[in-house]
Amino acid sequence: MCRVVDLQQAVLARNEDAAHQLREALAARGTVAVNLLSSPGSGKTALLEAELVLAGRRGTAAAALTADLATENDALRLARSGAPVKQVLTDGLCHLEAAMLARHLDGWLPADTRLLFVENVGNLVCPASYDLGESLRVALASVTEGEDKPLKYPTAFGLANLVVVTKADLAAAVDFDRRAFLAHVERVNPGVEVLFTSARTGQGVGLLLDRATAVLEGAPVHRPVMGVPSAGHRHGPPAAQPDHDHAPGTGPDHGHEHGHGHGHPHREPALPPAAS
């Protein structure tokens, strides 16, 4: 049992180191990373596509990396925005890790990218425990998932810098209790901002881009004041981020940019170069 715990701690410490390196490398080139976490089917891809389209209209250089267990469907959808998009297939791994992300950014991320949106694997458990070197962590939930989502997944919502509600146009149809949802968010993450959006009607589209752009321009992010204990090793806070409770997890990854590439999970991260 001791060896298992030691291995978990070593894996998590390695991820924390990689996240720190990546955060510094992105900051040096003037790029802000936004980590999007949600359950499958929450509507985050539809919202992200709309935000990328708007970023293009505003002249904001944005890119997106999307992770899934299989298929390149999300990358194909996001590419319709005209923004640079890369698909990462994790081959069963339920989350992204910082070293994995750094490898897939190396040699791909355009030098002028100001905002990098990372669409994490659809899962509110494993991804919540891994710092990716992001400057803004966003937890999303659709109105169709119920008001108690923040209570069921307190780590994901409790460590978020921003919470986004999707499919708001369906709230009345599913009898969504907005007041109860807000109360539950406040319980696990006091003071965090909650945005209500609908990619279908356009409600709230642009608010996520606004918040990310504000961070890019130096605005402070919300800092969660409470953490959720876990069985894993607890590390100190990285720069401009809350404390993260970590859980174990490693595995192979395969990168795809409408083609094929292969990652190696135990290599040191190859960090993207700073813009000249």
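Here, every reference points to the structure presented above.
Residues numbered from 1 in each chain as written. Predicted model: local features only at pLDDT ≥ 70, side-chain atom pairs only at ≥ 80, totals over all residues. Heavy atoms only, no water.

1. What to know about the overall build of the protein chain
Item 1. Counting its secondary structure elements, the protein chain contains eight helices and eight strands.
Item 2. Counting only residues that meet the buried cut, the protein chain has 53% of its 276 residues in that class.
Item 3. Of the contacts formed within the protein chain by residues at least 6 apart in sequence, a portion of 76% connects residues at least 24 apart.
Item 4. Working note: accessible area of the protein chain is about 11500 Å², and carbon and sulfur atoms make up 54% of it. (Helix = DSSP H or I, 4+ residues; strand = E, 2+ residues; numbered from the N terminus. Buried < 20%, exposed > 50% of the residue type's maximum accessible area, 1.4 Å probe, protein only. Contact = heavy atoms within 4.5 Å. Areas by Shrake-Rupley, 256 points an atom, 1.4 Å probe, with all protein chains shown as cover.)

2. Here's the deal with the state of the cysteines
Item 1. Under the criterion given, the structure shown has one disulfide.
Item 2. One disulfide in the model links Cys 94 with Cys 126; its S-S distance is 2.4 Å. The sign of the S-S torsion, about -90 degrees, decides the handedness of the disulfide formed by Cys 94 and Cys 126: left-handed. Taken together, the residues Cys 94 in the loop between strand 3 (85-89) and helix 4 (98-105) and Cys 126 in the loop between strand 4 (115-119) and strand 5 (136-142) connect sequence positions 32 residues apart. (Disulfide = S-S within 2.5 Å.)

3. Details of the pairing of strand 2 (residues 62-68)
On any regular strand, side chains alternate: one points to one face of the sheet, the next to the other face.
Item 1. Burial analysis of strand 2 places seven of its seven residues in the buried class, the great majority of the element.
Item 2. Neither face of strand 2 is exposed, since Ala 62, Ala 64, Thr 66 and Asp 68 on one face and Ala 63, Leu 65 and Ala 67 on the opposite face are all buried.
Item 3. Inspection of the sheet shows strand 2 paired to strand 4 by five bridges, in the parallel sense. Each residue of the ladder has a partner; that of Thr 66, found in strand 4, is Glu 119. (Pairing = 2+ DSSP bridges.)

4. A word on unusual backbone geometry
Item 1. Its identity is not glycine, yet Thr 71 carries a phi of approximately 75 degrees, on the positive side.
Item 2. Thr 71 sits in the partly exposed class, given a relative accessible area of 42%.
Item 3. Even without a glycine there, the phi angle at Asp 175 is positive, about 55 degrees.
Item 4. Mapped onto the elements, Asp 175 comes out in the loop between strand 6 (162-166) and helix 7 (178-188).
Item 5. A residue is classified by how much of its surface remains accessible, and Asp 175, at 66% relative accessible area, is exposed.

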